[in-house]
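One letter stands for each residue in the lines below.
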Amino acid sequence: MRKRSLLLPAVGMSRPAYGRPDGDAELAELVEILNRTYLRTREEGEQWLKRTPAEDLRVIRRSGRVAGSLLLLPWAQWFGGSSIPMTGVAAVGVDPEVRSSGMASSMMRSALEEMHQAGVPLSALFPATQPVYRRAGYELSGTWSRFKLPVHSVDLRDRTLDIKRVDASAAKTIKALYDRRSRSASGHLDRPPKMWERLVSPEREEIHLYVASGSGGPEGYVAFTQRRDKEWRYDLVLQDFVALTAAAARRLWTFFADHRSFSRDVLWVGHVADPVLLMLREQQWEVTRMWTWMTRIVDVKSALEARGYPRGLEAELHLQVADDVLPWNDGRFVLEVSGGHGAVRKGGRGKLSVDVRGLASMYTGFLTGAETVAAGYASGSEAELSKASAVFAGPPPWLPDFF
């Protein structure tokens with residue numbers, strides 16, 4: 001397995017002070033750093049701060065001043081049909097004066113230790129740059145993809161299901177449809193209430209909500225905005241697009257096609273193995289942007305036990321995990337899978353050696369056992385690698401949300 005060159009201070013060594021911002025002065029310093037990092041205006045930074053819970057913000061200090069910050073998002077993520085506590089990391093920024101000094105790495109280690117103390121098994125983030133997060137033990141683990149399809153190319157005209165405009169009062173119905181898909185998907189967020197509030201009751205733009213229903217009830221929905229171009233046409237920008245049945249997918253595509261007189265493109269987030277794409281006669285869609293998110297296993301034992309596994313599979317996986325950042329993960333673990341659940345004990349024979357980064361990519365189903373070896377993160381017999389692939393098998397991991 002490939003070795004890592006770390007800038008992370010070892011556990012117990014002196015590190016810059018990390019914690020919540022102390023008062024308005026430090027919040028103002030935090031916003032200034034993020035404004036410079038992400039090219040925000042002062043007004044944009046102040047608006048972001050108003051929408052952000054203060055208890056989720058963290059800063060790192062150098063010589064008594066704020067030198068960097070990040071945002072911890074206390075969420076959960078679906079894997080194997082189970083909703084697993086996950087802390088999302090966002091809005092990471094370091095003052096340009098102290099970049100390339102190990103400040104970001106120190107801040108990430110402190111954040112991971114805080115997550116562990118809180119009993120959080122997983123962390124995830126969208127990297128603006130990968131090396132600093134790899135040093136902290138994160139690795140690529142699933143995709144976020146933006147699709148575009150010309151409205152005039154949608155050839156479906158199926159109105160078997162009813163489609164009806166709804167408002168925020170239908171939030172429970174919409175959430176139930178999303179949750180049903182999430183349980184059978186891999187990597188979806190178990191969205192918190194505030195995320196649903198922003199979807200059904202946005203502050204800054206009008207979102208149109210429609211539900212497609214059959215005789216047995218709702219089968220799919222779409223939430224979209226209309227973005228006008230320089231002339232008089234507009235794009236359908238789908239904020240959320242869920243179809244649990246082929247009939248719902250055909251009805252929603254027909255609904256989009258019915259906008260063809262004035263609409264130019266349909267834009268949405270999905271993945272290339274999404275069944276809704278199979279409804280289209282031709283492959284006239286394109287992926288205009290793809291971003292791969294990264295996962296960190298904060299606690300190997302609790303993460304492996306929280307995940308769901310293929311039902312009907314009986315397996316025992318002997319892991320030798322290498323974690324050069326979090327010492328409690330470094331060692332041997334035995335994962336016993338039965339009845340769709342996993343039990344973990346320390347010890348075992350360590351038949352499959354895997355770096356914690358590679359384990360994260362296998363855990364989400366992003367890489368198979370053999371692919372993890374090819375990435376330089378694992379070693380073991382062909383039988384052990386095949387077993388690991390079966391244990392972590394599932395649909396392609398993808399996220400409809402960006403954070």
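Bear in mind the structure is a predicted one, so any value in this text is a computation, not a measurement.

Reading the values: rules and limits
Residues numbered from 1 in each chain as written. Predicted model: local features only at pLDDT ≥ 70, side-chain atom pairs only at ≥ 80, totals over all residues. Heavy atoms only, no water. Phe/Tyr/Trp six-rings, centres within 6.5 Å; stacked < 30°, edge-to-face > 60°. Helix = DSSP H or I, 4+ residues; strand = E, 2+ residues; numbered from the N terminus. Buried < 20%, exposed > 50% of the residue type's maximum accessible area, 1.4 Å probe, protein only. Lys NZ or Arg CZ within 6 Å of the ring centre and 35° of its normal. Salt bridge = Lys/Arg side-chain N within 4 Å of Asp/Glu carboxyl O. Contact = heavy atoms within 4.5 Å. Polar contact = N/O pair within 3.5 Å; in protein donor to acceptor, adjacent residues only side chain to side chain. Pairing = 2+ DSSP bridges. Axes fitted to C-alpha atoms, helices over the stretch in contact; angles between N-to-C directions. Parallel < 35°, antiparallel > 145°, perpendicular 65-115°, else oblique. Left-handed = near helix turned anticlockwise from the far one by under 90°. Nonpolar A, V, L, I, M, F, W, Y, C, P; charged D, E, K, R; others polar. Expected span 1.5 Å × (residues − 1).

**With respect to the packing of aromatic side chains**
Tallied over the entire structure, the rule returns 22 aromatic pairs. Their ring planes at 75 degrees and their centres at 5.1 Å tell us that Phe 126 and Phe 403 sit as a pair that is edge-to-face. Of the two residues, Phe 126 is situated in the loop between β5 (122-125) and α4 (131-135) and Phe 403 in the segment after α11 (382-391); the sequence distance between them amounts to 277 residues. Summarising the burial analysis for this pair, Phe 126 and Phe 403 share the class buried. Measuring from ring centre to ring centre gives 5.6 Å for Trp 253 and Phe 256, while their planes differ by 90 degrees; the resulting arrangement is edge-to-face. Here Phe 256 and Trp 253 lie together in helix α7 (residues 246-257), a separation of three residues that amounts to about one turn. For the pair shown, Trp 253 and Phe 256 are each scored as buried. Within the aromatic cluster, the residues linked to one another by ring pairs are Phe 147, Tyr 210, Phe 224, Phe 241, Trp 253, Phe 255, Phe 256, Trp 268 and Trp 285. Taking the ring centre of Trp 196 as reference, the NZ or CZ of Arg 191 above it sits at 4.9 Å.

**With respect to the pattern of salt bridges**
Summed over the entire model, instances satisfying the criterion amount to 24 salt bridges. The salt bridge partner of Lys 148 is Glu 286, with a shortest N-O separation of 3.8 Å. Of this pair, Lys 148 sits in strand β6 (residues 139-150) while Glu 286 sits in strand β12 (residues 286-297), and the two are 138 residues apart along the sequence. Given a relative accessible area of 27%, Lys 148 falls into the partly exposed group. Judged by relative accessible area, Glu 286 falls into the partly exposed class, the value being 41%.

**A look at the environment of Thr 225**
You can see Thr 225 is positioned in strand β9 (residues 217-228). Residue classification places Thr 225 among the buried residues on the basis of a relative accessible area of 6%. Taking the C-alpha atoms as reference points, Thr 225 and Glu 206, separated by 19 residues in sequence, lie 6.4 Å from one another. Other than its neighbours up to four places away in sequence, Thr 225 contacts Glu 205, Glu 206, Ile 207, Asp 235, Leu 236, Val 237 and Gln 239. Looking at Thr 225, its side chain comes within polar contact range of the side chain of Gln 239, at 3.4 Å.

**So, the pairing of strand β10 (residues 234-243)**
Most of β10 sits inside the fold, with nine of its 10 residues counted as buried. Taken together, the nine bridges between β9 and β10 define a ladder with antiparallel strand orientation. Across the sheet, the residue bridging to Gln 226 is Leu 236, located in β10. Here β9 hands over to β10 after five residues, the two strands then running antiparallel side by side. Where β10 meets strand β11 (residues 263-270), three bridges bridge the pair, whose relative direction is parallel.

**Re the environment of Glu 282**
Take Glu 282: it is sitting in the loop between β11 and β12. In this structure Glu 282 comes out as partly exposed when scored by relative accessible area, which is 48%. Counting along the chain gives 93 residues from Glu 282 to Leu 189, while the straight-line C-alpha distance between them is 30 Å.

**So, the sheet that holds strand β16 (residues 352-355)**
Taken together, five strands build an open sheet; the order of strands is β15-β14-β13-β16-β17 and the sheet is mixed. Both outer strands of the open sheet, β15 (341-346) and β17 (378-379), are each paired with one neighbouring strand and no more. Pairing analysis gives four bridges linking strand β13 (residues 315-322) to β16, with the strands arranged parallel. Across the sheet, residue Val 321 finds its bridge partner in β16, namely Val 354. Seen against the sheet, α11 touches β13, β14 (331-338) and β16 and runs at an angle of roughly 105 degrees to β13.

**Points about the packing of helix α1 (residues 23-38) against helix α2 (residues 42-51)**
It is at 9 Å that the axes of α1 and α2 come closest, and there the two elements cross at 125 degrees. When the interaxial angle is binned, α1 and α2 end up oblique. Once α1 is placed against α2, the crossing between them reads as right-handed. Touching Leu 27, Leu 30, Val 31, Glu 32, Leu 34 and Asn 35 of α1 are Arg 42, Gly 45, Glu 46, Trp 48 and Leu 49, all from α2. Residues of the contact of α1 with α2, tallied by class, amount to six nonpolar, two polar and three charged.

**Details of unusual backbone geometry**
Within the chain, Ser 63 stands out as a residue other than glycine whose phi angle is a positive 55 degrees. The topology assignment puts Ser 63 in the loop between β2 (57-62) and β3 (65-79).

**Some thoughts on α1**
Taking 1.5 Å per residue as the helical rise, α1 with its 16 residues ought to reach 22 Å, and the 23 Å between its terminal C-alpha atoms agrees with that figure. Inspection of α1 places Glu 26, Leu 27, Leu 30, Val 31, Ile 33, Leu 34 and Asn 35 among the buried residues, and these make up the whole buried set. Buried residues along α1 sit in contact with α2, β2, β3 and β4 (82-94). Leu 39 occupies a position one or two residues after α1 and carries a positive phi of about 55 degrees.

**Brief notes about the sheet that holds strand β1 (residues 18-19)**
The mixed open sheet is built from 12 strands, whose spatial order is β1-β2-β3-β4-β5-β12-β6-β11-β10-β9-β8-β7. The open sheet has two edge strands, β1 and β7 (162-166), and neither has a second partner. Sheet contacts for helix α6 (residues 193-200): β3, β8 (208-214), β9 and β10; angle to β10, the most-contacted strand, approximately 140 degrees.

**Topic: helix α5 (residues 171-184)**
Its 14 residues give α5 an end-to-end C-alpha distance of 21 Å, which sits within 8% of 20 Å, the value for a rise of 1.5 Å per residue. Residues of α5 that are buried: Ile 174, Leu 177, Tyr 178, Asp 179, Arg 181 and Ser 182.

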